Amino acid sequence: MSYPRVELDCAKIHFNTQLLIDKLTLKGISVTPVTKSCLGHPIIANTLINAGATMLADSRVNNIKRMRDAGITVPTLLIRSPMLSQIESVVAYCDISLNTEIAVMRKLSEAALRCHRIHQVIIMVELGDLREGVMPGNLVHLVKDVIKLPNIKLKGIGANLTCRYGVEPDDINMQLLSDLAEQIEITFSLKLDIISGGNSGSINWALAYQGQTRINHLRLGEAVFLGLVPKNQPQISGLSSTAITLTAEVIESSQKPSYPWGNRGVNAFGETASLQNRGQVNQAILALGRQDVCVDGLHPPSGMTIASSCSDHLMVETADQILAVGETVTFGLAYSAFLSAMTSEFVDKIYQ
Ligand SMILES: *Cc1c(COP(=O)(O)O)cnc(C)c1O
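Residues numbered from 1 in each chain as written. Predicted model: local features only at pLDDT ≥ 70, side-chain atom pairs only at ≥ 80, totals over all residues. Heavy atoms only, no water.

### Description of the pattern of salt bridges
Next, step 1: On inspection of all chains with the given rule, the structure shows 13 salt bridges.
Next, step 2: One salt bridge connects Arg5 with Glu7, and the closest N-O pair in it is separated by 3.2 Å. Each of the two residues, Arg5 as well as Glu7, counts as buried.
Next, step 3: Where Glu185 meets Arg214, a salt bridge forms, and the shortest distance between an N and an O atom there is 2.7 Å. One end of the pair, Glu185, is in helix H7 (residues 171-188); the other, Arg214, is in the loop between helix H8 (203-208) and strand S9 (217-220), and 29 residues separate them in sequence. Like Arg214, Glu185 is buried. (Salt bridge = Lys/Arg side-chain N within 4 Å of Asp/Glu carboxyl O. Buried < 20%, exposed > 50% of the residue type's maximum accessible area, 1.4 Å probe, protein only. Helix = DSSP H or I, 4+ residues; strand = E, 2+ residues; numbered from the N terminus.)

Here it is in structure tokens:
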């Protein structure tokens, strides 16, 4: 066995996917799982498809290409606005992309025309979190230009919330998105297939909403893999939050003073810790550091606290139990830790 390692339990990922699809289908909402945290790994893609996903989304063209190359044939959705420098591969590998810029959609149109494909676009609308999206007042004008573009089909509109400032979906911003969909359909006599209401942060709104809405689609990553929605929201009952774990190995274990001695400046990261002398502590060092994972997103087992971290070392303290050299410790992961560990080449990934 090699460490550190992330273990992904495909049965639990399958379970979460199916549960989310079942719950949201009752609300008239389709679910597109987001594979970016798993870098589009084909084992994960197939797990999601077997659990009922009929489309897969990713923010990186490379990840979508990886799935295509592995023989995944479901439609693919690129959920970050395409770069002008990668238009050709967007059209080659992605069936649909989220867009906000007419300059990009013009290039998508030209590329699609050249290779005799139809590329579908979902136009993102700004609802207040100030990430991607056209201002609501500019949507009609943009749509007017987009529907004229050859080989481009307007598939729908969508929005993203929570990621930048934590702005939450509510009846007001979701109603605005729904109303804009109707307005576009009436103005241009067309039908929008997808009204995409957001990410895992929109699940609670979707499950609770009782009124009429045109929102019929969500893009879900965190809830599928970690079984979690943003911290300040009620968690979705029944989801497994143990599908993904990270395990690291102890390389030193001893009782040490909790208070450093000598003249103190800043540490390797320019930080100064404010410390209290807590006497002797059980300190263990794990072979895991900031080059492997975003340490802030690690959840240690009970009885253990993370004291600090450097590039290659994680210092933990245990209350009673004394860890042995060679012993391993398994952590739960928040989104930041999951994303970083999956992207680190120093961390083994085990799909089981
Ligand atoms: C990453 C991402 C998602 C998925 O977000 P989760 O919070 O993991 O559900 C959805 N939409 C967009 C545009 C994204 O970038």
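Alright, that's what it looks like, and here's the rest.
### Quick look at helix H10 (residues 335-343)
Next, step 1: Every buried residue of H10 is listed here: Ala337, Phe338, Ala341 and Met342. The arc that holds the buried residues of H10, viewed along the axis, is 120°, so those residues lie on one side. (Arc of directions from axis to C-beta.)

### So, H7
Next, step 1: Between its terminal C-alpha atoms H7 stretches 26 Å, which fits the 26 Å expected from 18 residues at 1.5 Å a residue.
Next, step 2: Residues Asn173, Met174, Leu177, Ser178, Leu180, Ala181, Ile184, Glu185 and Phe188 constitute the buried set of H7. Take H7 and look down its axis: the buried residues cluster within an arc of 150°, on one side only. Facing away from the buried side of H7, by more than 90 degrees, are the exposed residues Ile172 and Ile186.
Next, step 3: Each element contacted by the buried residues of H7 is listed here: helix H6 (139-146), strand S7 (152-158), strand S8 (194-196) and H8.
Next, step 4: Taking the backbone nitrogen of Ile172 as reference, a side-chain oxygen 3.0 Å away marks Asp170 as the first, capping residue of H7. (Expected span 1.5 Å × (residues − 1). Contact = heavy atoms within 4.5 Å. Polar contact = N/O pair within 3.5 Å; in protein donor to acceptor, adjacent residues only side chain to side chain.)

### Thoughts on the packing of aromatic side chains
Each aromatic ring pair is specified by the distance between its two centres and by the angle formed by the two planes.
Next, step 1: Applying the stated criterion across every chain, the model contains two aromatic pairs.
Next, step 2: Judged by centre distance (4.8 Å) and plane angle (25°), the ring pair of Trp205 and Tyr209 falls under stacked.
Next, step 3: Taking the relative accessible area as the measure of exposure, Trp205 reaches 10% and is therefore buried.
Next, step 4: For Tyr209, a relative accessible area of 15% puts it in the buried group.
Next, step 5: The side chain of Arg290 reaches across the aromatic face of Phe269, ending 3.8 Å from its centre. (Phe/Tyr/Trp six-rings, centres within 6.5 Å; stacked < 30°, edge-to-face > 60°. Lys NZ or Arg CZ within 6 Å of the ring centre and 35° of its normal.)

### Observations concerning the site of the ligand
Next, step 1: Surrounding the ligand, one finds 13 residues, the nearest of these being Lys36, Ser200, Arg219, Gly221 and Glu222.
Next, step 2: Asn160 is positioned with one of its side-chain polar atoms (N or O) 3.5 Å from a nitrogen atom of the ligand.
Next, step 3: Gly221 has a polar backbone atom sitting 2.8 Å from an oxygen atom of the ligand.
Next, step 4: Here the shell around the ligand is built from residues that sort into four nonpolar, four polar and five charged. (Near = heavy atom within 4 Å. Nonpolar A, V, L, I, M, F, W, Y, C, P; charged D, E, K, R; others polar.)

### Regarding the domain arrangement of the protein
Next, step 1: In terms of domains, the protein is made up of domain 1 (10-226) and domain 2 (244-351).
Next, step 2: Placing the centre of domain 1 and that of domain 2 at their C-alpha centroids yields a distance of 37 Å.
Next, step 3: Taken together, the contact pairs 12 residues of domain 1 with nine residues of domain 2.
Next, step 4: Buried area between domain 1 and domain 2, both sides added, is near 920 Å², and the carbon and sulfur share of it is 79%.
Next, step 5: Where domain 1 touches domain 2, the interface holds zero salt bridges.
Next, step 6: The tally of links between domain 1 and domain 2 comes to zero residue pairs in polar contact (both at pLDDT 80 or more).
Next, step 7: When contributions to the side of domain 1 that touches domain 2 are tallied by element, the ones reaching two or more residues are helix H1 (10-25), helix H2 (42-50) and helix H9 (222-225).
Next, step 8: Within the side of domain 1 that touches domain 2, the residues separate by chemical class into eight nonpolar, two polar and two charged. (Domains from an automatic or database assignment. Buried area = accessible area lost by both parts, 1.4 Å probe.)

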